[in-house]
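Survey of secondary and tertiary structure
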Amino acid sequence: MSRTATPTVQKHKPRRPLNRGLILDRAVALIEDEGPGALSMRRLGSSLGVEAMAIYHHFAGRGELLSAIGDRLLEPLHALELGGNWCEACRRFATALRDVAVARPATFQLLGLQPFDTPSSLAPVEQLLRVLVADGFTPAAALAVYRATVSYARGYALAEATGFTVDAAKPDGRRRLAALPRGEFPILAGRARELAALDADVGFELGLEALLTGFAGHPTGAKARRRASRPAEHPG
């Protein structure tokens with residue numbers, strides 16, 4: 001007697017409930033996978049398996065979504081230890097900001113020219129300013145140092161993410177330089193092998209060191225340096 005085959009019931013794994021964290025994770029993954037121009041509410045909804053309108057229950061619009069992605073992008077800055085010397089604090093801040101861009105280059109390209117001005121994004125800024133003021137900078141001078149440091153790090157990171165104009169450290173860059181007429185470009189074409197010694201890390205550190213050394217030599221920075229070098233005073 002033959003048995004009738006029991007139809008197999010396919011069990012679908014239940015989808016995770018939609019929430020802000022899940023949306024942000026998927027948005028960043030979408031940007032990194034498909035490029036800065038890939039993000040739209042419709043495309044994001046499709047990648048989440050929902051209608052675009054479902055996202056609006058969690059974010060009022062694209063602007064709020066981008067702002068939240070910026071907060072997510074800068075989360076590593078909250079873990080920075082910035083206490084102590086102002087120069088080292090600036091160096092750590094700038095390096096961490098570039099590290100963020102290296103880890104998420106497409107997302108940084110999308111957001112790197114926008115102000116990061118939410119309370120969450122400003123918390124590490126406040127921490128750095130406190131270090132600068134504690135070391136003798138006026139609040140205005142501290143803000144100037146912060147702006148210069150972050151502008152350098154942000155600009156360098158964006159150039160690195162999109163591709164340096166001159167980059168002899170990479171084979172494609174060397175080939176482009178080699179194609180130039182040496183008579184007109186004796187440095188760029190004729191000495192490309194020497195230019196290749198400057199990779200992205202070396203270039204960043206060299207520029208950052210020059211910037212911070214310049215601030216240290218400025219009257220305000222020199223005053224802060226003298227203050228930081230004094231032995232701590234203990235009550236008698």
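What this report covers is the structure whose coordinates are included nearby. (Residues numbered from 1 in each chain as written. Predicted model: local features only at pLDDT ≥ 70, side-chain atom pairs only at ≥ 80, totals over all residues. Heavy atoms only, no water.)

We now examine the overall build of the chain. Across its full length, the chain holds 12 helices and 0 strands. Seen in sequence order, the chain has helices and strands lined up from the N terminus as α-α-α-α-α-α-α-α-α-α-α-α. Taking all 236 residues of the chain together, the buried fraction comes to 36%. A separation threshold of at least 6 residues defines the contact pool for the chain, and within that pool the share at least 24 residues apart is 69%. Accessible surface, the chain as shown: approximately 14600 Å² in total, 56% of it carbon and sulfur. (Helix = DSSP H or I, 4+ residues; strand = E, 2+ residues; numbered from the N terminus. Buried < 20%, exposed > 50% of the residue type's maximum accessible area, 1.4 Å probe, protein only. Contact = heavy atoms within 4.5 Å. Areas by Shrake-Rupley, 256 points an atom, 1.4 Å probe, with all protein chains shown as cover.)

Let us now look at a nonpolar patch on the surface. The grouping of Leu198, Val202 and Leu206 at the surface amounts to a nonpolar patch, some 270 Å² of accessible area in total. Looking at the secondary structure, you find Leu198 in the loop between α10 (192-195) and α11 (200-217). (Patch = residues over 30% accessible without salt bridge, like charges linked within 9 Å, V, L, I, M, F, W, Y side chains within 5 Å. Salt bridge = Lys/Arg side-chain N within 4 Å of Asp/Glu carboxyl O.)

Take the pattern of salt bridges next. As enumerated under the stated definition, the model contains 12 salt bridges in all. One salt-bridge network, held together by shared partners, links Glu88, Arg91, Arg92 and Glu209.

Let us look at the packing of aromatic side chains. Applying the stated criterion across every chain yields a total of 6 aromatic pairs. Ring centres 5.3 Å apart and planes at 65° place the aromatic pair Tyr156 and Phe164 in the edge-to-face group. According to the relative accessible area criterion, Tyr156 is buried, its value standing at 13%. Its relative accessible area of 22% is what places Phe164 among the partly exposed residues. Taken together, the aromatic side chains of Tyr152, Tyr156, Phe164 and Phe204 make up a single cluster linked through ring pairs. (Phe/Tyr/Trp six-rings, centres within 6.5 Å; stacked < 30°, edge-to-face > 60°.)

For α11, with 18 residues, the first-to-last C-alpha span of 26 Å sits near the 26 Å given by 1.5 Å per residue. Considered for burial, the residues of α11 that qualify are Gly203, Phe204, Leu208, Leu212, Phe215 and Ala216. Capping the start of α11 is the job of one residue whose side-chain oxygen sits 3.2 Å from the backbone nitrogen of Asp201: Asp199. (Expected span 1.5 Å × (residues − 1). Polar contact = N/O pair within 3.5 Å; in protein donor to acceptor, adjacent residues only side chain to side chain.)

In contact at an axis separation of 9 Å, helix α5 (residues 86-103) and helix α7 (residues 119-134) are set at 160° when each is read in the N-to-C sense. With respect to their mutual orientation, α5 and α7 come out roughly antiparallel. In terms of crossing hand, the pair formed by α5 and α7 is left-handed. Here Trp86, Ala89, Cys90 and Phe93 of α5 lie close against α7, whose contacting residues are Pro124, Val125, Leu128, Val131 and Leu132. For the contact of α5 with α7, the class distribution of residues is 9 nonpolar, no polar and no charged. (Axes fitted to C-alpha atoms, helices over the stretch in contact; angles between N-to-C directions. Parallel < 35°, antiparallel > 145°, perpendicular 65-115°, else oblique. Left-handed = near helix turned anticlockwise from the far one by under 90°. Nonpolar A, V, L, I, M, F, W, Y, C, P; charged D, E, K, R; others polar.)

What follows deals with the nonpolar core. Counting residues in each nonpolar core, the largest one holds 60 residues, and the members touching the most others are Leu39, Leu44, Leu65, Ile69, Trp86, Phe93 and Leu132. If sequence neighbours within four positions are ignored, Leu132 has contacts with Trp86, Cys90, Phe137, Ala142, Val145 and Tyr146. (Core = buried A, V, L, I, M, F, W, Y, C linked by side-chain atoms within 4.5 Å.)

Below, the discussion takes up the environment of Val100. Checked against the element boundaries, Val100 lands in helix α5. Linking Val100 and Glu75, residues 25 residues apart in sequence, is a C-alpha distance of 9.0 Å. Excluding residues that lie within four positions of it along the chain, Val100 makes contacts with Leu73, Leu74, Pro76 and Phe108.

Below, the discussion takes up the environment of Ala178. Here Ala178 is to be found in helix α9 (residues 171-178). Residues Ala178 and Leu188 lie 10 residues apart in sequence; the distance between their C-alpha atoms is 8.0 Å.

Our next topic: the side chain of Asp71. Mapped onto the secondary structure, Asp71 falls in helix α4 (residues 62-73). One buried charged side chain, Asp71, makes no salt bridge at all; its nearest oppositely charged neighbour is Arg20, positioned 6.6 Å away. The contact partners of Asp71, leaving out residues within four places of it in the chain, are Thr118, Ser120 and Ser121. (Lys, Arg positive; Asp, Glu negative; His and termini not counted.)

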